[in-house]
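What the coordinates show
One-letter residues, chain by chain:
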Amino acid sequence: MGPRCGMRTTKCQLLVTSLCVMLLGLSIATLSTVTHYGLHFTLMSDISMESNSYRVIHHAAFYFGICLSMTLILAALLSSAATVRESQCLTAMGFFCFALAFCGLIPAACWRYTHSMEVEDSMMDVYDFVYEEVRRNTSSFRRHELTAIHEAFQCCGKHSPFGDTANVDRKTCPSGQVHDAGQDCLREIQDFLKKHMDFISMLLGITIGFMVYGMILTSFFWFSIHFSSNLDRKGKYILRKR
């Protein structure tokens with residue numbers, strides 16, 4: 001009765017974990033889509049120069065997020081099916097998906113903490129480039145891009161050491177927007193990106209925790225099925241007619 005009770009407990013925990021992992025996979029897919037197609041990010045990606053690394057980071061983050069979300073959803077489906085059918089094969093496949101996602105999450109979390117300044121700098125470099133282009137040469141093309149950035153981030157201009165910026169701000173800032181220290185676009189971009197990266201860090205941390213727990217549960221469940229099937233066969237004999 002003891003092993004069976006332990007297996008039932010493991011099955012309940014594995015089902016709940018699979019549901020949470022499924023929700024995490026959908027959340028990461030949604031976040032990746034918002035990051036890739038959101039107004040703030042697509043605007044900066046379209047404007048960025050080829051020498052700027054932001055466009056590469058922007059696309060790489062989307063594809064990684066989609067692949068990770070698919071792996072999480074697959075792990076959740078396999079674990080749920082293994083729980084219902086008590087299948088060793090499906091349990092092993094679920095463990096493999098949890099391990100695969102874990103191996104992808106650890107480098108992603110490390111990259112987030114070691115390269116967060118690179119993402120921030122590349123995004124602000126895009127704004128600096130467009131702003132200085134408009135300040136030096138008031139072309140309509142760059143002016144429209146700068147106006148779009150100001151409207152998207154609800155900010156106005158920046159403090160430039162290269163000259164007066166009032167003329168540029170008057171032409172490109174949204175109507176009624178007051179230019180002061182609180183509306184500095186570089187600071188607004190920095191704050192916006194920090195909030196987004198903090199949310200990503202929280203989601204990565206929660207997902208890593210569930211991956212470890214999922215690997216422990218699937219391992220325990222696989223051994224439970226293995227020893228349970230051996231105990232069921234023990235002591236059974238087949239009588240054959242002579």
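Calculation notes
- Residues numbered from 1 in each chain as written.
- Predicted model: local features only at pLDDT ≥ 70, side-chain atom pairs only at ≥ 80, totals over all residues.
- Heavy atoms only, no water.
- Core = buried A, V, L, I, M, F, W, Y, C linked by side-chain atoms within 4.5 Å.
- Buried < 20%, exposed > 50% of the residue type's maximum accessible area, 1.4 Å probe, protein only.
- Helix = DSSP H or I, 4+ residues; strand = E, 2+ residues; numbered from the N terminus.
- Phe/Tyr/Trp six-rings, centres within 6.5 Å; stacked < 30°, edge-to-face > 60°.
- Salt bridge = Lys/Arg side-chain N within 4 Å of Asp/Glu carboxyl O.

Across soluble globular proteins, nonpolar side chains show a tendency to be buried alongside one another. Residues Met-44, Met-123, Tyr-127, Leu-146, Ile-149, Phe-153 and Ile-189 are the most contacted members of the largest nonpolar core, which totals 24 residues. Of all elements in the fold, only α2 (39–47), α3 (54–85), α5 (116–136), α6 (140–153) and α8 (185–233) reach the threshold of two or more residues within this core. No other element matches α5, which puts eight residues into this core. Formed by 22 residues, the second largest nonpolar core is a distinct cluster that contains Leu-68, Phe-98, Ala-109 and Ile-208.

Tallied over the entire structure, the rule returns six aromatic pairs. Aromatic pair Phe-41 and Phe-192: ring centres 5.5 Å apart, planes at 45 degrees, arrangement tilted. Taken together, the residues span a long stretch of sequence, with Phe-41 in helix α2 and Phe-192 in helix α8 at a distance of 151 residues. When its relative accessible area of 6% is taken as the criterion, Phe-41 is described as buried. The class for Phe-192 is partly exposed, based on a relative accessible area of 25%.

Before going further, it helps to examine the pattern of salt bridges. In this structure the tally under the stated criterion is eight salt bridges. With its nearest N and O atoms 2.8 Å apart, the salt bridge here joins Glu-132 to Arg-135. Placement of the pair is Glu-132 and Arg-135 together in helix α5, with a separation of three residues, close to one helical turn. One salt bridge connects Glu-145 with Arg-142, and the closest N-O pair in it is separated by 2.7 Å. Linking Glu-145 with Arg-142, this pair stays in helix α6, spanning three residues, or about one helical turn.

Everything listed here is a matter of geometry and, on its own, says nothing about what the molecule does.
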